Amino acid sequence: MAYVGIARHLRQGEFRAAINAFRSPLLSWLIAAVATLGNSDYLHIGKLINIGAFLLSVALLYVLTKKLWDSRLAASLAVLLFVLSRGLVASAVEMITPDFLFAARR
């Protein structure tokens, strides 16, 4: 989990090492902030924050879609598509990673 590595750098004050253009810095800052409260188990903190961010995104998507379209059906469908797309992104990354490794080896 790249967020955990960035959070470790942030907690240790290594701000230049924490810069990563491919990841959301907000999650890393949240992990580092929670880790400073006394718990230094970065992996579990990172998992909880990622799950919390996903659930918050689902809830916000439902509320905003329902407000925009004034339809529970449209809001539910938007949440369903969001949840399904999350799985597609993960499987796409799993399929592309071996290609990158093969290309890097050549």
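Up top you'll find the structure we're talking about.
None of these values were measured; they are calculated from a predicted model.

Trainee: Where do I start with helix H3 (residues 25-35) in this structure?
Mentor: Since one α-helical turn is 3.6 residues long, residues separated by three or four positions face the same way. Taken together, the buried positions of H3 are occupied by Leu27, Ser28, Ile31, Ala32 and Ala35. Take H3 and look down its axis: the buried residues cluster within an arc of 135°, on one side only. Projecting away from the buried face of H3 at angles above 90 degrees are the exposed residues Pro25 and Leu26. Lining the buried residues of H3 we find helix H1 (2-11) and helix H4 (42-69).

Trainee: What is the right way to look at the nonpolar core in this model?
Mentor: Most often, soluble globular proteins keep nonpolar side chains buried together rather than apart. Tyr3, Val4, Ile6, Ala7, Leu10, Leu27, Ile31, Ala32, Ala35, Tyr42, Ile45 and Ile49 form the largest nonpolar core, which has 12 residues in total. For this core, the elements supplying multiple residues, two or more each, are H1, H3 and H4. In terms of residues, this core owes the most to one element, H1, which gives five residues. Those residues in contact with Ile45 that lie beyond four places of it in its chain are Ile31, Val34, Ala35 and Asn39.

Trainee: Which parts of the structure should I look at to understand unusual backbone geometry?
Mentor: A negative phi angle characterises most non-glycine residues, just as the trans form characterises most peptide bonds. Phi is positive for Asp70, which is not a glycine, with a value near 55°. Mapped onto the elements, Asp70 comes out in the loop between H4 and helix H5 (72-105).

Rules used in this analysis
Residues numbered from 1 in each chain as written. Predicted model: local features only at pLDDT ≥ 70, side-chain atom pairs only at ≥ 80, totals over all residues. Heavy atoms only, no water. Buried < 20%, exposed > 50% of the residue type's maximum accessible area, 1.4 Å probe, protein only. Helix = DSSP H or I, 4+ residues; strand = E, 2+ residues; numbered from the N terminus. Arc of directions from axis to C-beta. Contact = heavy atoms within 4.5 Å. Core = buried A, V, L, I, M, F, W, Y, C linked by side-chain atoms within 4.5 Å.

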